[in-house]
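# Working through the structure, step by step
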Amino acid sequence: MTQRGRAARSTGPTGRPRRADGPRSGDRVGSPRGDLAGRRARLRAVIEPVVNEAGCDLEDLSVTPAGRRHVVRVIVDADGGISLDSVADVSRAVSAALDAAEEAGGDILAGEYQLEVSSPGVDRPLTLPRHWRRSVGRLVKVTARGALPEQPGGDRQVTGRVVEADDERVVLETDSGRAEFHHAELGPGRVQVEFNRLDEVGDDELGDNEDIDDIDDEDDVEDEER
(Lines give C-alpha, C1' and ligand atoms only; values in the text may rest on other atoms or scores of the structure.)
Protein backbone atom coordinates (compact mmCIF):
# COMPACT_ATOMS: atom_id res chain seq x y z
CA MET A 1 0.00 0.00 0.00
CA THR A 2 1.51 3.29 -1.11
CA GLN A 3 0.43 6.83 -0.29
CA ARG A 4 2.26 9.69 -1.95
CA GLY A 5 3.06 13.28 -1.24
CA ARG A 6 2.58 15.88 -3.98
CA ALA A 7 5.11 18.01 -5.82
CA ALA A 8 6.17 21.45 -4.54
CA ARG A 9 4.08 22.16 -1.42
CA SER A 10 2.92 18.63 -0.91
CA THR A 11 -0.26 17.38 0.69
CA GLY A 12 -0.45 14.24 2.78
CA PRO A 13 -3.11 11.55 2.52
CA THR A 14 -5.56 13.77 4.43
CA GLY A 15 -4.99 16.71 2.09
CA ARG A 16 -3.26 18.92 4.68
CA PRO A 17 -0.30 20.88 3.21
CA ARG A 18 3.07 19.69 4.43
CA ARG A 19 5.83 22.21 4.99
CA ALA A 20 8.52 22.13 2.33
CA ASP A 21 9.83 25.70 2.56
CA GLY A 22 13.11 25.30 4.41
CA PRO A 23 14.98 23.18 6.91
CA ARG A 24 13.43 22.11 10.16
CA SER A 25 15.13 21.19 13.39
CA GLY A 26 15.69 17.63 12.16
CA ASP A 27 18.08 18.90 9.46
CA ARG A 28 21.65 19.58 10.50
CA VAL A 29 23.48 22.54 8.97
CA GLY A 30 25.67 21.25 6.18
CA SER A 31 23.67 18.03 5.87
CA PRO A 32 20.95 18.54 3.24
CA ARG A 33 19.56 15.09 3.87
CA GLY A 34 19.32 15.65 7.61
CA ASP A 35 19.78 13.08 10.30
CA LEU A 36 17.95 10.05 8.95
CA ALA A 37 18.62 8.01 12.09
CA GLY A 38 16.97 10.69 14.20
CA ARG A 39 14.04 10.95 11.80
CA ARG A 40 13.62 7.19 11.88
CA ALA A 41 13.51 7.23 15.69
CA ARG A 42 10.88 10.00 15.69
CA LEU A 43 8.80 8.14 13.14
CA ARG A 44 9.00 4.89 15.12
CA ALA A 45 7.77 6.65 18.26
CA VAL A 46 4.63 7.72 16.35
CA ILE A 47 4.09 4.68 14.14
CA GLU A 48 4.79 1.68 16.37
CA PRO A 49 1.96 2.31 18.88
CA VAL A 50 -0.51 2.67 16.00
CA VAL A 51 0.64 -0.58 14.39
CA ASN A 52 0.46 -2.42 17.73
CA GLU A 53 -3.02 -1.06 18.40
CA ALA A 54 -4.09 -2.58 15.08
CA GLY A 55 -2.97 -6.00 16.35
CA CYS A 56 0.18 -6.08 14.23
CA ASP A 57 3.94 -5.97 14.76
CA LEU A 58 6.20 -3.33 13.25
CA GLU A 59 8.80 -5.50 11.52
CA ASP A 60 10.82 -2.77 9.86
CA LEU A 61 10.87 0.98 9.38
CA SER A 62 13.21 2.77 7.01
CA VAL A 63 13.66 6.32 5.75
CA THR A 64 15.37 6.73 2.39
CA PRO A 65 16.26 10.00 0.61
CA ALA A 66 14.78 9.99 -2.88
CA GLY A 67 15.50 13.13 -4.84
CA ARG A 68 13.75 16.06 -3.18
CA ARG A 69 11.74 13.92 -0.80
CA HIS A 70 11.98 10.88 1.46
CA VAL A 71 10.44 7.44 1.19
CA VAL A 72 9.13 6.07 4.49
CA ARG A 73 8.72 2.29 4.28
CA VAL A 74 6.76 0.50 6.99
CA ILE A 75 6.69 -3.32 7.13
CA VAL A 76 4.00 -4.91 9.30
CA ASP A 77 2.95 -8.48 10.09
CA ALA A 78 0.62 -10.41 12.39
CA ASP A 79 -0.09 -13.94 13.57
CA GLY A 80 -1.92 -15.76 10.82
CA GLY A 81 -0.58 -13.33 8.21
CA ILE A 82 -1.90 -9.95 7.19
CA SER A 83 -4.32 -9.27 4.35
CA LEU A 84 -4.18 -6.43 1.86
CA ASP A 85 -7.27 -4.92 3.50
CA SER A 86 -5.49 -4.96 6.86
CA VAL A 87 -2.43 -3.35 5.32
CA ALA A 88 -4.66 -0.61 3.90
CA ASP A 89 -6.26 -0.05 7.31
CA VAL A 90 -2.86 0.21 8.98
CA SER A 91 -1.67 2.60 6.26
CA ARG A 92 -4.59 4.94 6.87
CA ALA A 93 -4.07 4.80 10.63
CA VAL A 94 -0.34 5.51 10.31
CA SER A 95 -0.99 8.41 7.95
CA ALA A 96 -3.54 9.92 10.35
CA ALA A 97 -1.12 9.53 13.27
CA LEU A 98 1.67 11.30 11.38
CA ASP A 99 -0.70 14.14 10.47
CA ALA A 100 -1.81 14.45 14.11
CA ALA A 101 1.79 14.46 15.35
CA GLU A 102 2.72 17.26 12.96
CA GLU A 103 -0.42 19.22 13.84
CA ALA A 104 0.63 18.95 17.49
CA GLY A 105 3.94 20.60 16.62
CA GLY A 106 6.10 17.52 16.39
CA ASP A 107 9.19 17.64 14.20
CA ILE A 108 8.60 14.32 12.47
CA LEU A 109 10.02 14.56 8.95
CA ALA A 110 11.14 17.65 7.07
CA GLY A 111 9.66 18.38 3.65
CA GLU A 112 7.81 16.00 1.35
CA TYR A 113 7.65 12.27 1.87
CA GLN A 114 6.09 9.17 0.44
CA LEU A 115 4.60 6.57 2.79
CA GLU A 116 4.65 2.88 1.88
CA VAL A 117 3.08 0.22 4.09
CA SER A 118 3.36 -3.46 3.17
CA SER A 119 3.66 -7.00 4.50
CA PRO A 120 7.12 -8.59 4.79
CA GLY A 121 7.03 -11.16 1.98
CA VAL A 122 8.66 -14.58 2.10
CA ASP A 123 12.17 -13.17 1.62
CA ARG A 124 12.12 -11.59 5.11
CA PRO A 125 14.87 -13.14 7.29
CA LEU A 126 13.63 -15.09 10.30
CA THR A 127 15.37 -13.51 13.27
CA LEU A 128 12.80 -13.37 16.09
CA PRO A 129 10.75 -16.11 17.78
CA ARG A 130 7.55 -14.72 16.26
CA HIS A 131 9.07 -15.00 12.76
CA TRP A 132 9.73 -18.70 13.28
CA ARG A 133 6.30 -19.25 14.84
CA ARG A 134 4.65 -17.69 11.82
CA SER A 135 6.70 -19.93 9.51
CA VAL A 136 5.50 -23.29 10.86
CA GLY A 137 4.97 -25.54 7.85
CA ARG A 138 7.51 -23.68 5.72
CA LEU A 139 10.75 -25.04 4.33
CA VAL A 140 13.67 -22.93 5.59
CA LYS A 141 17.44 -22.76 5.32
CA VAL A 142 19.45 -21.56 8.29
CA THR A 143 22.97 -21.57 9.72
CA ALA A 144 22.96 -23.60 12.93
CA ARG A 145 25.56 -22.74 15.53
CA GLY A 146 26.65 -26.05 16.88
CA ALA A 147 26.40 -29.60 15.68
CA LEU A 148 23.61 -31.86 14.61
CA PRO A 149 23.75 -35.23 16.42
CA GLU A 150 24.78 -37.09 13.27
CA GLN A 151 27.21 -34.36 12.13
CA PRO A 152 29.48 -33.24 14.97
CA GLY A 153 31.48 -30.10 14.35
CA GLY A 154 30.98 -26.36 13.94
CA ASP A 155 28.38 -24.21 12.28
CA ARG A 156 26.57 -25.64 9.29
CA GLN A 157 23.75 -24.95 6.88
CA VAL A 158 20.55 -26.77 7.75
CA THR A 159 17.52 -27.08 5.49
CA GLY A 160 14.28 -28.36 6.98
CA ARG A 161 10.61 -27.75 7.47
CA VAL A 162 9.53 -25.86 10.59
CA VAL A 163 7.26 -28.26 12.50
CA GLU A 164 7.27 -26.51 15.89
CA ALA A 165 8.33 -23.08 17.15
CA ASP A 166 7.83 -21.15 20.36
CA ASP A 167 9.65 -18.50 22.38
CA GLU A 168 12.40 -20.94 23.35
CA ARG A 169 13.05 -23.32 20.48
CA VAL A 170 12.56 -24.32 16.85
CA VAL A 171 12.06 -27.87 15.62
CA LEU A 172 13.01 -28.63 12.01
CA GLU A 173 12.15 -31.76 10.04
CA THR A 174 15.30 -32.46 8.00
CA ASP A 175 16.27 -35.26 5.65
CA SER A 176 18.00 -36.88 8.63
CA GLY A 177 15.05 -36.53 10.97
CA ARG A 178 13.90 -33.94 13.45
CA ALA A 179 16.39 -31.49 14.95
CA GLU A 180 15.66 -29.08 17.80
CA PHE A 181 17.45 -25.77 18.29
CA HIS A 182 17.29 -22.94 20.77
CA HIS A 183 16.94 -19.55 19.11
CA ALA A 184 20.46 -18.57 20.21
CA GLU A 185 21.80 -21.45 18.10
CA LEU A 186 20.24 -20.19 14.86
CA GLY A 187 21.31 -17.43 12.52
CA PRO A 188 18.78 -15.63 10.32
CA GLY A 189 16.57 -18.19 8.61
CA ARG A 190 15.36 -17.92 5.03
CA VAL A 191 12.08 -19.35 3.77
CA GLN A 192 12.65 -21.43 0.64
CA VAL A 193 10.21 -20.91 -2.22
CA GLU A 194 8.62 -24.22 -3.15
CA PHE A 195 7.22 -23.90 -6.66
CA ASN A 196 4.84 -26.79 -6.15
CA ARG A 197 3.28 -24.83 -3.25
CA LEU A 198 3.05 -21.37 -4.80
CA ASP A 199 -0.71 -21.72 -5.11
CA GLU A 200 -0.83 -21.83 -1.30
CA VAL A 201 0.96 -18.47 -0.96
CA GLY A 202 -1.14 -15.32 -1.35
CA ASP A 203 0.06 -12.33 -3.34
CA ASP A 204 0.37 -10.27 -0.17
CA GLU A 205 2.71 -12.86 1.37
CA LEU A 206 5.03 -12.69 -1.62
CA GLY A 207 5.54 -9.01 -0.82
CA ASP A 208 4.39 -5.64 -2.07
CA ASN A 209 6.99 -4.36 -4.52
CA GLU A 210 4.95 -1.58 -6.08
CA ASP A 211 7.12 0.74 -8.13
CA ILE A 212 7.61 4.32 -6.96
CA ASP A 213 6.22 5.98 -10.06
CA ASP A 214 5.95 9.59 -8.97
CA ILE A 215 9.63 10.27 -8.25
CA ASP A 216 11.46 12.10 -11.02
CA ASP A 217 13.55 9.77 -13.15
CA GLU A 218 16.59 11.99 -12.79
CA ASP A 219 16.50 11.89 -8.98
CA ASP A 220 19.10 9.61 -7.53
CA VAL A 221 18.01 7.42 -4.66
CA GLU A 222 20.74 7.52 -2.05
CA ASP A 223 21.77 4.63 0.15
CA GLU A 224 19.35 3.93 2.95
CA GLU A 225 20.42 4.75 6.46
CA ARG A 226 18.86 2.62 9.17
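Read on for an overview of the structure.

The next thing to look at is the sheet that holds strand 6 (residues 156–165). One open sheet holds the 5 strands; their spatial order is 8-7-6-5-9, and the pairing between them is antiparallel. Two strands in the sheet have a free side with no partner beyond their single neighbour: strand 8 (177–182) and strand 9 (190–191). Two elements, strand 5 (residues 139–144) and strand 9, share 2 bridges in a ladder whose sense is antiparallel. Note on strand 9: the bridge partner recorded for V140 is V191.

Let us look at helix 1 (residues 36–53). For helix 1, spanning 18 residues, the distance from its first C-alpha to its last is 26 Å, which sits close to the expected 26 Å at 1.5 Å a residue. At R44, helix 1 is deflected by roughly 30°, the largest bend along its length. Taken together, the buried positions of helix 1 are occupied by L36, G38, R39, R40, L43, V46, I47, V50 and V51. Along its buried surface, helix 1 packs onto strand 2 (57–66), strand 3 (69–77) and helix 2 (84–103). Where helix 1 terminates, the next one or two residues include G55, which has phi positive at roughly 85°.

A few words now on the pattern of salt bridges. This structure, assessed with the given rule, holds 20 salt bridges. For D57, the salt bridge identified is with R130, shortest N-O distance 3.6 Å. Of the two residues, D57 sits in strand 2 while R130 sits in helix 3 (residues 129–133), which places them 73 residues apart along the sequence. Here E173 ties to R178 by a salt bridge, and the two come within 2.7 Å at their closest N and O atoms.

A word on the packing of helix 1 against helix 2. Running from amino to carboxyl end, helix 1 crosses helix 2 at an angle of 140°, the nearest separation of the two axes being 9 Å. Accordingly, the angle class assigned to the pair helix 1 and helix 2 is oblique. Here helix 1 and helix 2 pass one another in a crossing that is right-handed. From helix 1, L43, V46, I47, V50 and V51 reach across to helix 2, where they touch V90, A93, V94, A97, L98 and A101. Classifying every residue of the contact of helix 1 with helix 2 by side-chain character gives 11 nonpolar, no polar and no charged.

Basis of the calculations
Residues numbered from 1 in each chain as written. Predicted model: local features only at pLDDT ≥ 70, side-chain atom pairs only at ≥ 80, totals over all residues. Heavy atoms only, no water. Pairing = 2+ DSSP bridges. Helix = DSSP H or I, 4+ residues; strand = E, 2+ residues; numbered from the N terminus. Expected span 1.5 Å × (residues − 1). Bend = angle between axes of the 7 residues up to and from the residue. Buried < 20%, exposed > 50% of the residue type's maximum accessible area, 1.4 Å probe, protein only. Contact = heavy atoms within 4.5 Å. Salt bridge = Lys/Arg side-chain N within 4 Å of Asp/Glu carboxyl O. Axes fitted to C-alpha atoms, helices over the stretch in contact; angles between N-to-C directions. Parallel < 35°, antiparallel > 145°, perpendicular 65-115°, else oblique. Left-handed = near helix turned anticlockwise from the far one by under 90°. Nonpolar A, V, L, I, M, F, W, Y, C, P; charged D, E, K, R; others polar.

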